[in-house]
Amino acid sequence: MVCRALILNSILKGEKPVNEETLRVFNKMLVNRHIAIDDDDWQAYLDVDPEKQEITQLCYGVDCRLLTHNMRVYLIPTEKNKWLSYDKQELKRKLHWTKANPVEDEYQLSMLSILILFSMFYPSSSKTIRQRDFVRLEDWTNRIAEVLSSTEGFENEEDAMFIKQLREFYLSKGADFNDPNDKDRARFVDKIRVFLCAQNILEYDKELEPAVSLTSEGEARIEALMENEVLCERLYRLAERGSNA
């Protein structure tokens, strides 16, 4: 992760001066990843730049975009972002749960598990409307097991091979996804849960069976994800396989 001072210096170098209100708002967004619509600094900024041209240009300079959701304006990193998000190797290390060195299959399984969780909150029948207030960790783990167990009847051969590969990797690590008491299975899901909580995407309620719920930023990020139609098609084709939801 890069210091916000370096980000500002990089995108402003050689550019025309940016007004004070814009810099104040952008700095807040770099720190918090969002700003409230009724924030005094945001309102002061809109007075001098109602079309949001300057803040949009600053976002473009760090491979981000603005997204308004639930009375907040979020700074959403794009796929090319190198300032505010992790690259693939960093994600592998963050999501690492086995004793061996992080590998591609481990990373792919973690990504699929995250998409499965998102699809539980936002099923394909209502992609933009959240259907649950929380998801129990046991239910999330069981859905991962269902998807990994579903290796027959794929219309897309690539999907079938992808699921089979992840299933074999999971089993090769000694994890039994059909055993609710399996410690490796629980450790795998908890590692992802800790990571998503650290990114302010999930809130964890240990007393609620235990369960996770989406933060406002988490909802905004999923909303941004849903705008990618190609990704969404693959997400629901895989993540809801075998589900009666």
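Residues numbered from 1 in each chain as written. Predicted model: local features only at pLDDT ≥ 70, side-chain atom pairs only at ≥ 80, totals over all residues. Heavy atoms only, no water.

Should the sulfur atoms of two cysteines be covalently bonded, the bond is a disulfide. Within this structure, the stated rule accounts for zero disulfides. Free of any disulfide, Cys64 has its nearest cysteine sulfur in Cys59, 6.2 Å distant. (Disulfide = S-S within 2.5 Å.)

Summed over all chains, the structure comprises one aromatic pair. Centroid distance Trp42 to Tyr45: 5.5 Å. Interplanar angle 45°. Geometry classified as tilted. Residue Trp42 and its partner Tyr45 are both found in helix H3 (residues 40–48); the two are separated by three residues, about one turn of the helix. A relative accessible area of 3% means that Trp42 is categorised as buried. In this arrangement the basic side chain of Arg193 is found over the ring face of Tyr204, its NZ or CZ atom lying 3.7 Å from the centre. (Phe/Tyr/Trp six-rings, centres within 6.5 Å; stacked < 30°, edge-to-face > 60°. Helix = DSSP H or I, 4+ residues; strand = E, 2+ residues; numbered from the N terminus. Buried < 20%, exposed > 50% of the residue type's maximum accessible area, 1.4 Å probe, protein only. Lys NZ or Arg CZ within 6 Å of the ring centre and 35° of its normal.)

Here the focus is the sheet that holds strand S2 (residues 64–69). Strand order in the open sheet formed by three strands is S1-S3-S2, with antiparallel pairing between adjacent strands. The two strands at the open ends of the sheet, each matched to only one other strand, are strand S1 (34–36) and S2. Across this sheet, the average inter-strand angle for adjacent strands is 20°, counted without regard to direction. Across the sheet, helix H4 (residues 53–61) is in contact with S2 and strand S3 (72–77); its angle to S2 comes to roughly 125°. (Pairing = 2+ DSSP bridges. Axes fitted to C-alpha atoms, helices over the stretch in contact; angles between N-to-C directions. Contact = heavy atoms within 4.5 Å.)

As enumerated under the stated definition, the model contains nine salt bridges in all. Salt-bridge contacts for Arg136 lead to Asp139; the nearest nitrogen and oxygen are separated by 2.9 Å. Between Glu217 and Arg221 there is a salt bridge, and its shortest N-O distance comes to 3.2 Å. Placement of both Glu217 and Arg221 in helix H10 (residues 216–226) is noted, with a separation of four residues, approximately one turn of the helix. Using a relative accessible area of 5% as the deciding quantity, one classes Glu217 as buried. Through salt bridges with shared partners, a single ionic network connects Lys28, Asp39 and Asp41. (Salt bridge = Lys/Arg side-chain N within 4 Å of Asp/Glu carboxyl O.)

For the rest of this paragraph, the subject is the sheet that holds strand S4 (residues 135–136). Read from one edge to the other, the open sheet built from three strands follows the order S4-S6-S5, with strand pairing classed as antiparallel. Either end of the sheet is taken by a strand with one partner, and the two such strands are S4 and strand S5 (202–205). Across two bridges, the pairing between S4 and strand S6 (residues 211–214) is antiparallel. When the sheet's bridge partners are listed, Val135 is paired in S6 with Val212.

Our focus in this paragraph is the confidence of the model for the protein chain. Confidence in the prediction for the protein chain averages 78 pLDDT; 78% of positions are at 70 or higher. No element of the protein chain has a lower mean pLDDT than helix H1 (residues 4–12), at 57, and none a higher one than H3, at 93. (pLDDT = per-residue confidence, 0-100.)

What follows is about the nonpolar core. Within the largest apolar cluster, 37 residues are counted, with the highest numbers of intra-cluster contacts made by Leu109, Leu112, Leu117, Trp140, Phe188 and Leu196. In this view, Leu196 contacts Ile114, Leu117, Ile201 and Leu202; residues no more than four positions away in its chain are not counted. Of all hydrophobic cores here, the second largest spans 16 residues; its members include Val25, Met29, Tyr45 and Ile55. (Core = buried A, V, L, I, M, F, W, Y, C linked by side-chain atoms within 4.5 Å.)

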